[in-house]
Each structure stands twice: as structure tokens, then as C-alpha cells.
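Structural features, examined
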Amino acid sequence: MSVLPADLYTQVPVSEPRLPCLPGSLRSFPPQTLQLSDDVSRLVSPRSAGMLRSWFKAAFVLWLVPESLGPAARLYTEEDPLVILSSSSLTPTVTNSSSAWLLQFYSSWCGHCIQYSSTWKSLALDVKDWQQAIHLSVLDCAQEENLDACKDYGIKFYPTFKYFRAHSPPTDKGTTCRGGDRTVQFMRQLMVDILQNHTQMDRPDHCPALEPVSSVELLPVLGQRSDHYTAIVVEEPESYVGREVILDLLQFSGVEVKRALSSDRPLLDALKVTAFPSVYLLHPNGTHANLHVEKRLRFFFSSLLRTLPGVQRRPKSDSSSSSVGQKVALPHGQSSEPWRNFDRSKVYTADLESALHYLLRVELAAHTSLEGDELKVFKDLVTVVTKLYPGGGSVAKLMETLSDWLLSLPLQRIPYQAVLDLVDNKMRISGVFLGAEVRWVGCQGSRAGLRGYPCSLWTLFHVLTVQHDAMPTALDNTGLEGEAAPVLQVMRRYIRTFFGCEECGRHFEQAAAASMDRVQNREQQILWLWNQHNMVNNRLTGSLSDDPLFPKAPWPSPSLCASCHEEENGVHVWNQNRILSFLRHHYGASNLSPHYSLTPPQLPAPHPNPNPGPVQTSKPQAEKQGGAGGGGERREQVKVAEELPGPQLRHQAHRGEQKGEVPGHRGEGGAGGGVWILGLGFNSVDMSLCVVLYVCSCLFLMLLFFFFKVRSKRWKLRHSRLYV
Ligand SMILES: Cc1cc2nc3c(=O)[nH]c(=O)nc-3n(C[C@H](O)[C@H](O)[C@H](O)COP(=O)(O)OP(=O)(O)OC[C@H]3O[C@@H](n4cnc5c(N)ncnc54)[C@H](O)[C@@H]3O)c2cc1C
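Everything numeric here is computed off the predicted structure, so don't read it as measured data.

Description of the overall build of the protein chain
Along the backbone of the protein chain there are 22 helices and 20 strands. In the protein chain, buried positions account for 38% of the 724 residues. Contacts spanning at least 24 positions in sequence make up 78% of the contacts within the protein chain whose residues lie at least 6 apart.

Here you go:
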């Protein structure tokens, strides 16, 4: 499973002795693993040999990482969850800051720094939620404009690690951290030590107390009501888990985490805690009990506490990453929708159908016609969905009809309206139907504008990758069978060409360009998408598009799949075999729930409507909560254009108005009556017209026949007289 290029929790193992941070002293950590040949070693002094070794190593790594060359060479980008400092920003940032800072001075030409960057990035990701207490940052001394700062701060070797306490004065040049094993775990614990090194007076503004609390303080609050949860992590004195969980929950409201020690006998007796570390939970209503976790690991404790009812991530004050989320073309107006209870361990066909409805009737509507590459991308998407959409049914039939129609058309350019007519089943083909409304279930947001379409699009593609794995020959003879990862490639092209959120498309394209080509088989295809999805959401945690009711977090959570999570050297890691099995089950056809799905309505024969008007994404008047299949749910009220969600819909609605469409006919399955001839669909009106035309033509031909018959008789008579 080496396909995952930058696994979220990758760790570079470095084994060096642990050393403390010392003010003023500087030391580097060059790895001594590259061996020079004996001939070279004999010719040069040991010191020069060391330098040569470093240079060879740097050159080798630079050769391996071509994108690290030149001015664009950047080991860290804005995408990484750390702060990139420069000469001009360094002092103002770390001086009198409300948080502490751990800063790596590196050089982008230094081979070891290049190698170490993956560990530093993993660390940044691991402690992303600690930022209010301590920031992780980097400064590139290889950049000319940063030379002054590196000189000023006395940097002679790379990398050099310095920390700055919160509220430090401008004269503070930082405290250098010497050597040590620089694994993620070591550095993370170092950050905890740095925070604990503060006094009560200069502690970072948002850093809670990390010192253990005694039974004298804790026992009196047992049984008391409160407006929040209190989690007590009981652990061995040398354990860091409690402090790490406190910091992991720093950005969450509704829960307070405290740490107590296993040496506190009265507390252990009162709480009846026997295993360490354990979390004892005091509920707001005054009840209290041990928190059950599958594994006694930091990740499990933090994940469970974050998902307690009422516990929410505090919104970020800056909207840097959130703005992107807001640009996603989200359907609004679902706020007044009734809440649909759902099971997080299921996938809902209503979400898949809503994704297809939104994609075909809204997103695609921005394109008045499809031609060239756009048409090819659309055709491929329809092919993939047709072949892999699970469960059959009216939606699968619609996609099949659409696919057959697209493939049989010899046209280079197709007006979007023609696609829409087919999606709306204007020909009234029996059993073909796609509900003309969004009905989010697993993708419903706590308020309008959150989740919805992007959530359902992810879901759809996860389902398609898993279906492709279950039906390896499904794409044979489609022209896509030659691609190693056809579902991913089609998704990539769709996102690039049609996805309404341009910025999201750009990010996805970058990720795809970096690693999608390495996907070699169907299993890797499933895992690549899972990993990519986690990377996107990891970037978006705490952004404005993060629904407080469904906070973005590494997925699947321990409650969905405990065996997917493990810990290696104190760092959380995924068990990818377990992940694969879990994804196969979760997105497999057998885990699809038809609950809330729109079913094709049984309609009477069509009748002309005296008040033609637009019908678009409408909302159900009333919805049965909990009724399986949604069989009793019928077409809802027609919405006027002004009420429709979003400009695209409104635009479409007006278009429908101009055309005088008949409300109630859009998307109806009906009892049949349509006919396919040469890839073109004819409805009953078309057929009646054909019959009328046919009868008229026959009458006309008969008239012509009699006319010429009479004339020829006269002609013969005239000629026969002459002859006589
Ligand atoms: C291709 C693509 C790129 C995007 N890029 C951006 C972007 O750059 N910036 C931006 O702001 N928004 C982006 N978005 C939107 C963003 O990823 C979310 O979809 C959106 O914010 C809604 O989030 P959500 O909480 O509903 O969960 P989503 O992330 O949409 O997840 C939907 C469901 O999938 C399941 N799930 C979660 N994680 C995984 C996983 N790793 N593997 C499998 N299943 C999972 C869960 O059941 C979850 O409820 C993108 C969306 C797509 C489809």
C-alpha cells in the first residue's frame, strides 16, 4: 500500500540520544549514514570527508527531488499547518506573542533538512490543534532575504531548533533545543515540556494548566451539575497522554480536560480506576462514569471527547481556509427541511441521487452546450456511473438511457437542454426516474449552506471506487478499461471541468498530479481517494465550512472502525488493510440504505396544464421521518423561480418558464409511451404528430394520384381524336 505519498501520519524514524533545550548553544544533527568509497576517504582528511559526505548527500537528495531546485524550491508551503516566517516577520511574530513558538531554522539546500521536512510536517499535522498554545514554524536560511535574521539569531548549522516562550521580550533570541531523537513523538513531548516550562504569570493566554489535579480538588465536584463535561485523564506520572489530550481539546468548547495521577490513591478509590491511562467523565447532569475506549491511546481519547453531544470546535477567527469552503456551489434552502435521523455507519441512496440530481440539473446547467473535451468528460462520467452505480433501479436506468443516447449520437456538440430533457424523462420512458430535488440524509448540514453537494459527491465517488473493485470487468469495452485507475481519472477530469468550486478543483488537481499516476490497481484506487479526502478535510478543520455538528476529523473515527487505528512510537498510524476492508464494507452495495430515497411516482396519464410554470429543485411539503423507502412521499409543491435556491437554479427555472414547460412532468417516470429511434426519443405528442402527418401525406398523395389520373385520361382522349 505504498501508494499513499504523504500519509497523514507518516513518521521518519531517527534514533539519536535525547538532549534538553539549552539557551544560547547551537548544534546540528547531520545524519552520518552516507558512506564514501575507501579511495576517496584515503585522499581527504576526516573533516573534508565529512563535508564531502554532506555535499554528496545533499546533491543526491536534490537530484531525487527535482522540484526542490530553483527559486520554486520550497520544503514547506502555505498548505502545511505551520507558519512560514521570514526576516521581516520573525521578530514581530515571536515577540510578546500570546502563544509559545517552536521554530526550525533550515536550509532548502541541506539534504537532511529535505529529508526531515516530512517529519516536521507530520508533527505540524499532529499538533495542529495546539496552535493557540504553541505554534510550529519554519524559516529558510537559504533564502537571501532571510540571511540577516539567521545571522541575528546566531544560526550556523541546519536544522537548528529554537523555542520562544509566550510574551517573550524583543531581546529574546530564543532557546536552542539540542539534538535528541527528533521523531514526532519526541518533538511533541518537547512542546508539552516547553509549555510547562512557563510560569503561572507568562503562560500562553489560551493554554490551560497542564499540571496534575489532586483528589482534594476533584472529589468535591463529583455529582455536581455543570454546563460542560469534565474529563479526568488518570495516568502514570511520566505519561504525556493527559497533557496531549488537554491540548488536543484546546479548540473545543463544551468539555474541560484535567489530568490526575495514578499515585493519587483517594482519587483511584473514589473513581475505581485500575488501568492507566483512563478517562473518567463527569457529565453536565452530574452523573459520572469511566469512558469506555477500545484502545487506551491518545487518539481514541481525543476523538471520543470531541464527539460528545454539545462539544463543538470553536470557529476560527480568521477565514483563510474557510473562504474556499464557502465558494463551493452549495444548494441553500435546506434549513427548513425536516431533520432526517440517520445512521453514520450507513450510506444513503438519497445522498447519491441528490448528488446526481445536483450534478445533472444544476452544476451542468452552467454550460449551455457540451462539446469537445467537455463532452468527452461528461460522456465518461455518465459511462462510469452507469456501469458502477449500485442497486439498479430507476436512477441506474436513467443513467443507462443517458449513456446509450450520448454514445449513439454522432454529434460533436450537444445542447445542455437536450441532456436536461432526457434527465427529466420528457419521453416518459417507463421506469426511468431521477428525483428533481435534493434530499440530503448522511450529508445534511446543521444549517443551510453546509455539507450537501460536495459531501454527496465524495460519497458517490467512494461508492464508485468500491463498486469498481467489486465488479472488475464492469468497465470493459467502454474505452476506460485501459486506465489503471479509471474512476479516479474520470473524477479528476470531472472536478477539473465542471466542479463549481474552482479553488477546490485546483487543490484536487494538484494532489492528483502529484500522486494519482502511482495508483496501479483497484485497491489503491479506493485507498488513494480515502487518503486524499482525509487530507482535504484535515486542511479544512476549523474553517467556516466545517459543520459544528459534523466536525471534520480523520475518518473513519475509532467508533466506526477501532481496528483501523494503531499507534507506533507514540504516533497515530492507520492500519491500511483494515481501512480497505472497512471501506469495502462501508461503501459496498449491501451497506446502502434506501431510506428517504425518492421513488418514481405512479402518475395518471399526462394532461395539459393551463398554467405552465417552472419546476425545479423543490422541497417536500411534509416528510415522513423514519418511513423506509419513502414510498408514500409524493411530488411536492412547485416553487416559484424567486424561491429557488441559488442563481443557477433560478436561471434554469426561468428558462423552463420561457419554454412553457408543464409543471409536474419534470422527472416523472410515468407509465411509458416514449419510443427510441436512432438514438432520438419521441414522446406521445411527437408520435401523434407523426400519425397526423402520415395521414395528411397519404391524403395528399391520393389527391395527386387522382389528379394525374384524370389528366392522363383527358390527354389520351384528345390524342385519340387526332389520330382518328
Ligand atoms: C473533490 C473535492 C475537493 C474539495 N476541495 C475543497 C477545498 O479545497 N476546499 C474546501 O473548502 N472544500 C473542498 N471540498 C469540500 C469539502 O471537502 C467537503 O466536502 C465539504 O466541506 C463538506 O464537508 P462534510 O463535513 O460534509 O464532509 P465530507 O468531507 O464532504 O465527507 C462526506 C462524508 O464522507 C465520509 N468521509 C469523510 N472522510 C472520508 C474519507 N477520508 N474517506 C471516505 N469517506 C470519508 C463521511 O461519512 C462524511 O460524512 C471539496 C470537495 C470535493 C468533492
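On we go from here.
Considerations on the sheet that holds strand β9 (residues 255-261)
Here four strands make up an open sheet; going across it, the order is β9-β7-β10-β11 and the pairing mixed. Both outer strands of the open sheet, β9 and β11 (288-290), are each paired with one neighbouring strand and no more. Looking at each pair of strands side by side, their axes are set apart by 20 degrees on average, direction ignored.

Section: the environment of Leu297
With respect to the helices and strands, Leu297 occurs in the loop between β11 and α10 (298-306). For the pair Leu297 and Glu566, spaced 269 residues apart in the sequence, the C-alpha separation amounts to 8.4 Å.

Quick notes on the packing of helix α8 (residues 241-248) against α10
Where α8 meets α10, the closest approach of the two axes is 10 Å, and the angle between their N-to-C directions is 35 degrees. With respect to the hand of their crossing, α8 and α10 are arranged in right-handed fashion. For the pair formed by α8 and α10, the contact residues are Val241, Glu244, Val245 and Asp248 on the first element and Arg298, Phe301 and Ser302 on the second. Of the residues in the contact of α8 with α10, the class split is three nonpolar, one polar and three charged.

Quick look at the pairing of strand β16 (residues 565-568)
Here four bridges tie β16 to strand β17 (residues 571-574), and the two strands are oriented antiparallel to one another. Residue pairing for β17: Glu567 is matched across the bridge by His572. The antiparallel hairpin formed by β16 and β17 contains two residues in its connecting segment, where Asn569 sits at a positive phi of about 50 degrees.

Here's the deal with unusual backbone geometry
A cis geometry characterises the amide bond from Tyr158 onward to Pro159, with omega recorded as -10 degrees. Mapped onto the fold, Pro159 is located in the loop between α5 (147-152) and β5 (160-164). Note that the residue after Phe276, namely Pro277, is joined by a cis bond; omega there is -10 degrees. Note on placement: Pro277 falls in the loop between α9 (265-271) and β10 (278-282). Even without being a glycine, His167 presents a positive backbone phi close to 55 degrees. Inspection of the secondary structure assignment puts His167 in the loop between β5 and β6 (175-177). Look at His167 and you get partly exposed, because 18 C-beta atoms sit within 10 Å.

A look at the packing of helix α16 (residues 453-470) against helix α19 (residues 522-540)
Closest axis-to-axis distance for the α16/α19 pair is 8 Å, and the angle between their directions is 160 degrees. Looking at the two axes, α16 sits roughly antiparallel to α19. For the crossing formed where α16 meets α19, the hand is left-handed. Taking contact as the criterion, the partners of Trp458, Phe461, His462, Thr465, Val466, His468 and Asp469 in α16 are, on α19, Arg522, Glu523, Gln525, Ile526, Leu529 and His533. When the residues that make up the contact of α16 with α19 are grouped by side-chain class, the tally is five nonpolar, five polar and three charged.

Details of the UniProt feature "transmembrane region" (unreviewed entry) in the protein chain
In this structure's numbering, the residues bearing the UniProt feature "transmembrane region" (unreviewed entry) are residues 691-708. Split by type, residues 691-708 is 100% helix and 0% strand. Its first and last C-alpha atoms lie 26 Å apart.

Notes on the pairing of strand β7 (residues 229-235)
The buried count for β7 comes to six of seven residues, which makes it a mostly enclosed element. Direction of pairing for β7 relative to β9: parallel, over a ladder of seven bridges. By the bridge assignment for β9, Val234 is matched with Ala260. As paired strands, β7 and β10 are joined by five bridges and run antiparallel to one another. By the bridge assignment, Thr230 is partnered in β10 with Leu282.

Here's the deal with the nonpolar core
Within soluble globular proteins, side chains that are nonpolar tend to cluster in buried spots. The biggest cluster of nonpolar side chains holds 74 residues, and the ones touching the most others in it are Ala100, Leu102, Met191, Leu195 and Val233. Residues from two domains meet in this core; each of domain 1 (21-196) and domain 2 (215-313) gives at least three. Counting 67 residues, the second largest nonpolar core, distinct from the first, contains Leu360, Tyr453, Leu529 and Ile579.

Conventions we followed
Residues numbered from 1 in each chain as written. Predicted model: local features only at pLDDT ≥ 70, side-chain atom pairs only at ≥ 80, totals over all residues. Helix = DSSP H or I, 4+ residues; strand = E, 2+ residues; numbered from the N terminus. Buried ≥ 20, exposed ≤ 12 C-beta atoms within 10 Å, placed from the backbone. Contact = placed C-beta atoms within 7 Å. Pairing = 2+ DSSP bridges. Axes fitted to C-alpha atoms, helices over the stretch in contact; angles between N-to-C directions. Left-handed = near helix turned anticlockwise from the far one by under 90°. Nonpolar A, V, L, I, M, F, W, Y, C, P; charged D, E, K, R; others polar. Parallel < 35°, antiparallel > 145°, perpendicular 65-115°, else oblique. UniProt positions renumbered as here; feature names shortened; annotations may be inferred. Core = buried A, V, L, I, M, F, W, Y, C linked by C-beta atoms within 7 Å. Domains from an automatic or database assignment.

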